[in-house]
Protein chains: 2
Amino acid sequence: MSLTVADVVDGGRVLRLSWANGTTARFHAEWLRDNALDPSTRSPVNGQRLLTIDQIPADTVVTAVGITGDGGAVAVTFEPQTHRTVFSAEWLFAHRYDVARVDEPGWTRPDVERWDNQSMQHRIPTATFDDISTDRAALADWLEAVDRYGFAVLHGMPTESGRLCDVAELFGYVRVTNYGRWFDVKAEVNPTNLAYTNLGLQGHTDNPYRDPVPTLQLLACLENTVDGGSSSVVDGFACAARLQQEDPRGFALLAGHPARFEYAGSADVQLQAKRPVIELGPDGELLAVRFNNRSAAPFVDVPFDDMPAYLAAYRRFSSYIDDPAMQVTFTLRPGDLFIVDNTRVFHARQAFSGSGSRWLQGCYADIDGLRSTLAVLRRGLAADAFVGRIVDVFERRGAEEYLGEDVTMAEHMLQSAALANAEGADPELVVAALLHDIGHFTGEFGTYSPETTIDHRHEWEGTRVLTGYLPPRVVDCVRLHVAAKRYLCAVESDYFAKLSAASVHTLELQGGPMSADEVAAFEAEPHHLDAVRVRRWDEGGKAAGRDVPPLNHYLPLLSGLVLGA
Amino acid sequence: MSLTVADVVDGGRVLRLSWANGTTARFHAEWLRDNALDPSTRSPVNGQRLLTIDQIPADTVVTAVGITGDGGAVAVTFEPQTHRTVFSAEWLFAHRYDVARVDEPGWTRPDVERWDNQSMQHRIPTATFDDISTDRAALADWLEAVDRYGFAVLHGMPTESGRLCDVAELFGYVRVTNYGRWFDVKAEVNPTNLAYTNLGLQGHTDNPYRDPVPTLQLLACLENTVDGGSSSVVDGFACAARLQQEDPRGFALLAGHPARFEYAGSADVQLQAKRPVIELGPDGELLAVRFNNRSAAPFVDVPFDDMPAYLAAYRRFSSYIDDPAMQVTFTLRPGDLFIVDNTRVFHARQAFSGSGSRWLQGCYADIDGLRSTLAVLRRGLAADAFVGRIVDVFERRGAEEYLGEDVTMAEHMLQSAALANAEGADPELVVAALLHDIGHFTGEFGTYSPETTIDHRHEWEGTRVLTGYLPPRVVDCVRLHVAAKRYLCAVESDYFAKLSAASVHTLELQGGPMSADEVAAFEAEPHHLDAVRVRRWDEGGKAAGRDVPPLNHYLPLLSGLVLGA
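Residues numbered from 1 in each chain as written. Chains lettered and ligands numbered in written order. Predicted model: local features only at pLDDT ≥ 70, side-chain atom pairs only at ≥ 80, totals over all residues. Heavy atoms only, no water.

Novice: Which parts of the structure should I look at to understand the pairing of strand 12 (residues 216–224) of chain B?
Specialist: Look at any regular strand and the pattern is simple: side chains alternate between the two faces of the sheet. Residues and elements named next belong to chain B. For strand 12, the buried fraction is high: 8 of the 9 residues fall into the buried class. Here strand 12 runs beside strand 19 (residues 337–341); their pairing, made up of 5 bridges, is antiparallel. Bridge pairing links L216 to D341 in strand 19. One ladder, built from 8 bridges, connects strand 12 with strand 21 (residues 358–365); its direction is antiparallel. Across the sheet, L218 pairs through a bridge with C363, a residue of strand 21. (Buried < 20%, exposed > 50% of the residue type's maximum accessible area, 1.4 Å probe, protein only. Helix = DSSP H or I, 4+ residues; strand = E, 2+ residues; numbered from the N terminus. Pairing = 2+ DSSP bridges.)

Shown next, in the form of structure tokens:
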């Protein structure tokens, strides 16, 4: 997504950008300065901001702006502090805030998928304990189900006491409560909690009397020989949407007034919380639902005149929870476990008979840790897949002819990397040299031939392939390695003479030596000197029959650089 | 707070009540039915509700209502399910919702006290580790400071690694995160977090990129020989109030749009949260603040047109955090610890020099557990104090004359208890017999004499003294023991003849034998039969020189019954 236009407007207080897809967005100079990504603003080690807001003048303006030649980035100069920084086109697009917004409250982020019996009963997200313990991709899929649907089932758990905590520790941390690190759910004679009876339990979220509420609950089955006692889950976000559809005022009332919850079932606790049944963020995003008939305290925060309609809405919401059309049902056998997003999905239990035994164990954890682990797994899986793709493309296409030179494409890139290595370049530059022409492999045009009459812009294709997988400095070297040739031809009088015939041909297609303006823009690129070094190894990597290390030699180096690996 | 009027209005859908202090409030029949406290609605063992809302007809109405003779309770009959239950006057007063409400957002509950440098620097809530480990009252005071002010300091911690978790476990549970159960805060060369440098840190809440955020943070000092590095805390709720005062639109903007926070400082985490800088509940209560310049991500949820004013408000809020007038400052020495409510109080660190060493350890916990422990401690302390008051009043006043009878007040009550014991009555009734006349001790009028011409209503004074400390059945027996005399005189033809002369005198002051209506109301009291038994022991406990066990004999029984003990 390259940038096409950058205008400074409103006396420098606003930067207006357009992208190649036609999107336009404005950014405030002050916002841009605060969110700069350069090493003087954000720690290169941990990504944290090094400045406080008072270190940025309130009257910060943009005084100069320039889109890079390929539209991949924009350089911005701020005053009065004369700070110059570069934002990538992608980053700006992803973080634009000059957008249309959802007006209707109750919306959810795109990766939340609501469900009911019809859409979910026959595709319950399920995995085995072995799978998710040993296979990162299986674990990522299972966690993604929790993120997307708010629940998932697991089979094949060891039926040993406390082992459900092992599941929680695959992605996060057990939240210890007054019930312990984990707790038994068995029928008891004088239960401290109605869960410890054989009564049915209406669909509910657990512990709404806690604040913060545990955001994940795991329930594992160790024994089950009773009649009944099957489990069901209901998507509370689907219930909220249904309420909004069928009774908009009721939705507004349940979201607009706090409910109260309390638990003092044993002598050592007296837990109380005041939070709404339907919780919206200030922007109307649906954040959480809470419902529990057992621990609901008297609702005293609803004005008298609103109470009848509030109770009617509460009653309607309750009826959805009890509606089989909303429920997904399953029976837990020993070794089964289910996990619910306790801010979203209600879980219920049918009554069961006193004969036989039913022994579950529960524990709590938090979903922020789950989402973090999921993101890290996705990054890692993507990194693995990226290295796999690089190897694959070298194998499939490396033997192809390179621009009519005496080397194949693979030989050219391996020779360039070997030259970088020989100069003692750091790993990022070695990898940049190794992959600088990767766009020839992956682009639709392949490499150049003497008959080629258009610029394939393979450096742009390479940028696309590498962005997000390798550090920005590597990507910049790849993005700029063609520009570096045009630059060197402009600033070094003897450089042109060093080009191969094929390179002279493509130089022409690429625009010839740079103009003075282009030279200035190039020199403003933070990594332009690195790109120049890569370019020199590029020119040097075209000698037939040179003995250089194979691709395997570089894979540890490459894997070590891949972001998120 | 006795009830004076109970009217059924709006066709039975509403009950209108008035109390002796002039307060009037309406309750909906449906709400009352749902919140009934009887054993068929709430489990007597664990207090949880046994009904779901759909088990209560939406057209529930009140068809009969009657205030008890002393105004202490109201009996209510609901139809169509013909359910009869009793609510105490106190409970209804505490749970009335027909009240005026705060319109202005940003209010806090009454036990939150805001502070700044001037009001707090010289009264920092402080305790020692020994004190709070061994003295429940000291622990309660320290926890109450956290609840009220959002922070407290502790001296005399053992300077051993990990011991700060012991402090967390005095009141709750450590929240384990990716930083571990606890974490070191030392200057590092390549820190994963800017906290692990010697840079100053602007006042902030910790981990705003977590959701749920850890609601408590503890920081303990194990070593400190550096220059600088002193700590300060700022009341975020005071900052919010100041913003609301000085820039109401800015307050609305910070509360009205989510901010974003993120942390990916090490390879194993990618934490993100979207929550506002100022978080209000749906009723406008100020629930939390979040601020952290290091982990604030680009704010992309603020509409373009609001962004300048949003950033101005953010900037102003930041300036309050940096304002010495808002800061309370202290230096942590080895063995010192401070705790902050991480949803309210910002903590900051001055930069320190590289020479010497500074070693802190931090851990997280949650404030719901702290508040629960505080409530339980208060109950326990109140229970201890209650038993102490009973012993004290027996000692100070037990020898006083009882109504002109041949026994002292203490002898009368001990004899009544002995009679109950001899009949094999259960502990609640023995204690009711022991304490039935406690109102004579504590009321301003003392006991009766033959010259008394007004009803002292000592049973009502006794009810006041015992309510909340002893189970409702005990309190009801005390409350009804005078009514029981009037009842027995009405329904047992020979009962009047059993009364002592003094009791005949007071019977007249108390209203004489009950009318038929009064009898019916009395028989509707759930514990009226228990009260009748207590009354008979009362009449029997007036014989001079009887050898009965002393008060000490009953103290274990009494302590065992005290609520919250």
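Resuming the write-up.
Novice: Is there a simple way to think about the sheet that holds strand 1 (residues 3–9) of chain B in this case?
Specialist: Remark on secondary structure: sheet strands pair via backbone hydrogen bonds, oriented parallel or antiparallel. Residue and element names in this part refer to chain B. One open sheet accounts for 3 strands, arranged 1-2-3; its pairing is antiparallel. Pairing within the sheet leaves two strands with one partner each, and these edge strands are strand 1 and strand 3 (24–28). This sheet shows a mean twist of 20° between the axes of neighbouring strands, independent of strand direction. Bridge analysis of strand 2 (residues 14–19) against strand 3 gives 5 bridges, and the strand direction is antiparallel. From the neighbouring strand, V14 faces strand 3, where its bridge partner is H28. (Axes fitted to C-alpha atoms, helices over the stretch in contact; angles between N-to-C directions.)

Novice: Any chance you could explain the side chain of K542 of chain A here in plain terms?
Specialist: Residue and element names in this part refer to chain A. Inspection of the secondary structure assignment puts K542 in the loop between helix 18 (528–540) and helix 19 (551–561). Take K542: its relative accessible area is 13%, and that puts it in the buried class. Apart from residues lying up to four places away in sequence, K542 is in contact with Y402, E405, V407, H412, Q415, S500 and S503. (Contact = heavy atoms within 4.5 Å.)

Novice: Explanation requested: the nonpolar core in the structure shown.
Specialist: The nonpolar side chains of a soluble globular protein tend to be buried with one another. Formed by 111 residues in total, the largest nonpolar core has its most connected members in W31 and L92 of chain A together with W142, F151, F171, I278 and F317 of chain B. The dominant element in this core, judged by the number of residues it contributes, is helix 9 (residues 307–321) of chain B, at 8 residues. Ignoring any residue separated from it by four or fewer positions in sequence, one finds I278 of chain B in contact with A240, L243, F251, L254, A255, L286, A288, V289 and F317 of chain B. F171, Y196, F299 and M307 of chain A belong to the second largest nonpolar core, which has 110 residues in total. (Core = buried A, V, L, I, M, F, W, Y, C linked by side-chain atoms within 4.5 Å.)

Novice: Can you walk me through the packing of aromatic side chains in this structure?
Specialist: A ring pair, where both rings are aromatic, is described by two values, the distance of the centres and the angle of the planes. For the structure on display, the rule yields 42 aromatic pairs over all chains. Taking 6.0 Å as the distance between ring centres and 45° as the angle between the ring planes, the aromatic pair formed by W31 of chain A and W91 of chain A counts as tilted. Here the residue W31 of chain A occupies a position in helix 1 (residues 29–34), and W91 of chain A occupies one in helix 2 (residues 89–94), the gap between them amounting to 60 residues. Judged by relative accessible area, which is 1%, W31 of chain A ranks as buried. Across from the ring centre of F304 of chain A, 3.8 Å away, lies the NZ or CZ of R26 of chain B, which sits over that ring. (Phe/Tyr/Trp six-rings, centres within 6.5 Å; stacked < 30°, edge-to-face > 60°. Lys NZ or Arg CZ within 6 Å of the ring centre and 35° of its normal.)

Novice: Any chance you could explain the packing of helix 8 (residues 248–256) of chain B against helix 9 of chain B here in plain terms?
Specialist: When two helices pack together, you describe them by how their axes are tilted relative to each other and by the distance separating the axes. Residues and elements named next belong to chain B. Two elements in contact, helix 8 and helix 9, have axes whose closest approach is 9 Å; the angle formed by their N-to-C orientations is 100°. Put simply, helix 8 runs roughly perpendicular to helix 9. Judged by residue contacts, R249, G250, L253 and L254 of helix 8 engage A309, Y310, A313, Y314 and F317 from helix 9. Partitioning the contact of helix 8 with helix 9 into residue classes produces 7 nonpolar, 1 polar and 1 charged. (Parallel < 35°, antiparallel > 145°, perpendicular 65-115°, else oblique. Nonpolar A, V, L, I, M, F, W, Y, C, P; charged D, E, K, R; others polar.)

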